[in-house]
Amino acid sequence: MGSATTICSDKTGTLTLNQMTVVEAYVGGKKMSSPDNVDLLSPIASSLLIEGIAQNTTGNVFHPEGDGDIEVTGSPTEKAILSWGVKLGMRFDEERSKSSIINVFPFNSEKKRGGVAVNVANSEVHVHWKGAAEIVLASCTNWLDADGSVQSMTFNQAEAFKKFIDDMAAVSLRCVALAYKLYELEKVPSEDEHSRWILPEDDLILLAILGIKDPCRPGVKDSVTLCTNAGVKVRMVTGDNLQTAKAIALECGILDSNAEATEPNLIEGKTFRAMSEKEREAIAEKISVMGRSSPNDKLLLVQALKNRGHVVAVTGDGTNDAPALHEADIGLAMGISGTEVAKESSDIIILDDDFASVVKVVRWGRSVYANIQKFIQFQLTVNVAALIINVVAAISSGEVPLNAVELLWVNLIMDTLGALALATEPPTDHLMMRAPVGRSEPLITNIMWRNLLVQAAYQVTTLLVLNFGGRSILHLTNDTKLHADKEKNTFIFNTFVLCQVFNEFNARKPDELNVFRGVTRNRLFMGIVGITVVLQVLIVEFLGKFFKTTTLSWKLWLVSIAIAFISWPLAVLGKFIPVPETPFSEYFLRCSRCCWRKRQDDPNGEKELPNST
Ligand SMILES: Nc1ncnc2c1ncn2[C@@H]1O[C@H](COP(=O)(O)OP(=O)(O)OP(=O)(O)O)[C@@H](O)[C@H]1O
Ligand SMILES: [Ca+2]
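Computed from a predicted structure; not experimentally measured.

Colleague: I'd like a description of the pairing of strand E11 (residues 174-183), backed by residues and values.
Modeller: Taken across its 10 residues, E11 has 9 buried, putting it largely inside the fold. Sheet topology places strand E8 (residues 124-132) next to E11; 8 bridges connect them, and they run antiparallel. Within the sheet, the bridge partner assigned to Ala132 lies in E11 and is Val176.

Colleague: Residues and numbers for the layout of surface pockets, please.
Modeller: When its volume is computed, the largest pocket comes out at roughly 1,100 Å³. Lining the largest pocket are 47 residues, with Thr77, Phe107, Ser109, Arg174 and Asn320 sitting closest to its centre. Of all elements in the fold, only helix H2 (76-87), strand E6 (99-108), strand E7 (113-120), E8, E11 and helix H10 (295-307) reach the threshold of two or more residues within the lining of the largest pocket. The dominant element in the lining of the largest pocket, judged by the number of residues it contributes, is E6, at 5 residues.

Colleague: Give a description of the site of ligand 1 that names residues and reports values.
Modeller: Close to ligand 1 lie 19 residues, the nearest being Thr12, Glu78, Lys112, Thr238 and Asp240. Within the contact set of ligand 1, an oxygen atom lies 3.3 Å away from a side-chain nitrogen or oxygen of Asp10. Here Asp240 contributes a side-chain N or O atom positioned 2.3 Å from an oxygen atom of ligand 1. For ligand 1, whose unbound accessible area comes to 620 Å², protein coverage reaches 91%. The cavity that encloses ligand 1 is the largest pocket. For the shell around ligand 1, the secondary-structure elements that each account for two or more residues are H2, E8 and E11. Both domains that furnish three or more residues to the shell around ligand 1 are identified here as domain 1 (6-14 + 216-353) and domain 2 (21-213).

Colleague: Break down the environment of Ala121 for me, with residues and values.
Modeller: Note that Ala121 resides in the loop between E7 and E8. Here the alpha-carbon distance between Ala121 and Lys98, two residues 23 residues apart in the chain, equals 7.2 Å.

Colleague: Let's hear about the confidence of the model for the protein chain: which residues, and what values?
Modeller: Across the protein chain, the average pLDDT comes to 88, with 97% of residues at 70 or higher. Within the model, pLDDT remains below 50 along residues 605-613, and this stretch shows 9 contacts once partners closer than five positions in the same chain are excluded.

Colleague: An account of the pattern of salt bridges is needed here, citing residue identities and associated values.
Modeller: Where charged atoms from two side chains of opposite charge come close, those side chains can pair. Going through the model one piece at a time under the given rule, you end up with 21 salt bridges. A salt bridge links Lys98 to Glu95; the shortest N-O distance between them is 3.3 Å. On the criterion of helical spacing, the pair formed by Lys98 and Glu95 is a turn pair, its members being 3 residues apart in helix H3 (residues 92-98). Residue Lys98 is classed as exposed on the basis of its relative accessible area, which comes to 52%. A relative accessible area of 8% places Glu95 in the buried class. The partner of Glu425 in a salt bridge is Arg508, with the nearest N and O atoms 2.8 Å apart. One end of the pair, Glu425, is in the loop between helix H14 (404-423) and helix H15 (446-473); the other, Arg508, is in helix H16 (residues 481-508), and 83 residues separate them in sequence. Under the relative-accessibility criterion, Glu425 is labelled buried at 3%. For Arg508, a relative accessible area of 2% translates into the label buried.

Colleague: Talk me through the pairing of E7; I want residue IDs and the actual numbers.
Modeller: With 8 of its 8 residues buried, E7 lies for the most part within the structure. On E7, burial covers both faces: Arg113, Gly115, Ala117 and Asn119 on one face and Gly114, Val116, Val118 and Val120 on the other are all buried. Taken together, the 7 bridges between E6 and E7 define a ladder with antiparallel strand orientation. Residue pairing in the sheet places Asn108 in a bridge with Arg113 of E7. In textbook terms, the turn of a hairpin is the stretch between consecutive antiparallel strands, and for E6 and E7 this stretch comprises 4 residues, one of which, Lys112, has a positive phi near 60°. Sheet analysis places E7 next to E8, joined by 8 bridges and oriented antiparallel. From the neighbouring strand, Arg113 faces E8, where its bridge partner is Gly131. Connecting E7 to the antiparallel partner E8 that follows it, the hairpin turn spans 3 residues, and Ala121 within it adopts a positive phi of roughly 50°.

Colleague: So what's going on with the environment of Ile330? Which residues, and what values?
Modeller: As for its position among the elements, Ile330 is in strand E17 (residues 330-334). Along the chain, Ile330 and Thr315 lie 15 residues apart, while their C-alpha atoms are 8.7 Å from each other. In this structure, Ile330 is in contact with Met1, Ala4, Val311, Val312, Ala313, Val314, Asp347 and Ile348, ignoring residues within four places of it in sequence.

Colleague: Lay out the UniProt feature "transmembrane region" (unreviewed entry) in the protein chain in plain terms, naming residues and giving numbers.
Modeller: Per the UniProt record, the feature "transmembrane region" (unreviewed entry) sits at residues 524-544 and 556-577. Along residues 524-544, the helical share is 95% and the strand share 0%, with 28 Å between the first and last C-alpha atoms. For residues 556-577, helix accounts for 82% and strand for 0%, while the C-alpha atoms at its two ends are 32 Å apart.

Conventions adopted
Residues numbered from 1 in each chain as written. Chains lettered and ligands numbered in written order. Predicted model: local features only at pLDDT ≥ 70, side-chain atom pairs only at ≥ 80, totals over all residues. Heavy atoms only, no water. Buried < 20%, exposed > 50% of the residue type's maximum accessible area, 1.4 Å probe, protein only. Helix = DSSP H or I, 4+ residues; strand = E, 2+ residues; numbered from the N terminus. Pairing = 2+ DSSP bridges. 1 Å grid on protein atoms, 1.4 Å probe; cavity = no way out; pocket = protein on both sides within 12 Å on 5 of 7 lines; lining within 4 Å. Points joined across faces, edges and corners; volume = space filled by probe spheres on them. Near = heavy atom within 4 Å. Polar contact = N/O pair within 3.5 Å; in protein donor to acceptor, adjacent residues only side chain to side chain. Areas by Shrake-Rupley, 256 points an atom, 1.4 Å probe, with all protein chains shown as cover. Sits in = over half its atoms within 2 Å of the grid points. Domains from an automatic or database assignment. pLDDT = per-residue confidence, 0-100. Contact = heavy atoms within 4.5 Å. Salt bridge = Lys/Arg side-chain N within 4 Å of Asp/Glu carboxyl O. UniProt positions renumbered as here; feature names shortened; annotations may be inferred.

Take a look at the structure:
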């Protein structure tokens, strides 16, 4: 997640609160003055409407015995519509018993509508449909007037309905239409064929168009800004109407201005679907909002972005999101509204369904990556320095200044204690102000190589000088040679360990000048540094027998500390050395490729091809 370059988020529940209410309604060709004012409706219109709401639903309404609150269950859209029905005077159980259900076509995100066929009083069959407003409207050839008469859907009337929908969508409302159709009882297949009967979905009579409000989550705008600053592009992929999606995107900062809301920034699922793979890849990067998308469109977008080299995070809740969650580099499922299938297909579950938590995941992901880098930089410095010092000393004089027991202690400092100290650094705001780490970027960056080499070079030079000229530099000439050597080696060991302690601070901030920022907040770091120093004093002063060291005078202790201290200003100076953008490993690869080509061109050279280039 630390490397994510883009987040494809669904709208409902992640960017919005998922608390839906019907706030506008067009019934009988008119806008209702208040969405639950039924007085204007004829009995026929209101009874059909209530029948459709009560029968064509997966939700439920419980009317309590006493005067408690009515309880509505179901998906947020269903709950909103059922609650609206209750306001219209619907008695749910009574309504359900008035007619019997013949067959159901459950709502699905592909078709964006759901239907039910009911047998009313054993004489009539009503097929009710409910779904995405413009899609249901397109199947309507008639509409029900407020007085209960059926009117033909003229071109002008259809345009007027479309305008209703656009107006509602422009103020970020989710639009749902209800329609029905009368069907002949004789044409209904026999009872055992019911389940295979495909409900008639054309020539419908429009009953109502509803505008459902689902407010943006507070704080989403800030989270989107945070992501943008962190170089992570947030895209909205939703099943909702394009205009609704656009309005919400403007509200939460995914789109900056109306001017930006043009194709391909704002695109409809079916347009994207119709493109060739190449075309999709070409425009995928520009897409900020995709409306009326089917689950497969989400998948296609994720694939196109991945092919463009993006590291894609996807958030989703529905069963229909599962393929995209699975395909994404990081799938994030919603803990509250998410279905089991979505959770199974994801890598991370967001417990509070909030987009702000997705941003937290990015922050922590980056923090883990950065902490691993800090640890590697620290560890490599110790390794490189210890290795060079001992190898050079061994080759030139046959003796090593750092013995095996000392190296074991150094190993403990850099492995266990160093890992604990550096890997527990909490995430900082600084992490969210830089671009994400690319998919192919090396773990050890040029900046880390620079820091590492500066510190290693300093340690190696100082300690080797002390190794070869230490006895005279430190005025140890009065002693016996054996004791002087032991004291010199102890001094080298002590300085080496203290250098690591000071350098541990440098490792905290590989690319900032102030390496102490927030250090006091990391108690574990301070504790470990403290323990290391105390143990070092104990080793040198009291455990000489095991470590083959001798005690050091306070003057030599001060010199050790002074030498180690220099690594701090040195680190600051080192950060002014510019490093190229291209990773050093890339130069190395290019170099080896060059040499290989030369060998190829040389007729006397070997002809064999190396396997890896
Ligand atoms: N229960 C329902 N009955 C009828 N129509 C519905 C229902 N739920 C949603 N719709 C319609 O389908 C559209 C949303 O479809 P879909 O379920 O694919 O999106 P979603 O997953 O809810 O959206 P998002 O991706 O933002 O979470 C809505 O705009 C609405 O018009
Ligand atoms: Ca969804």
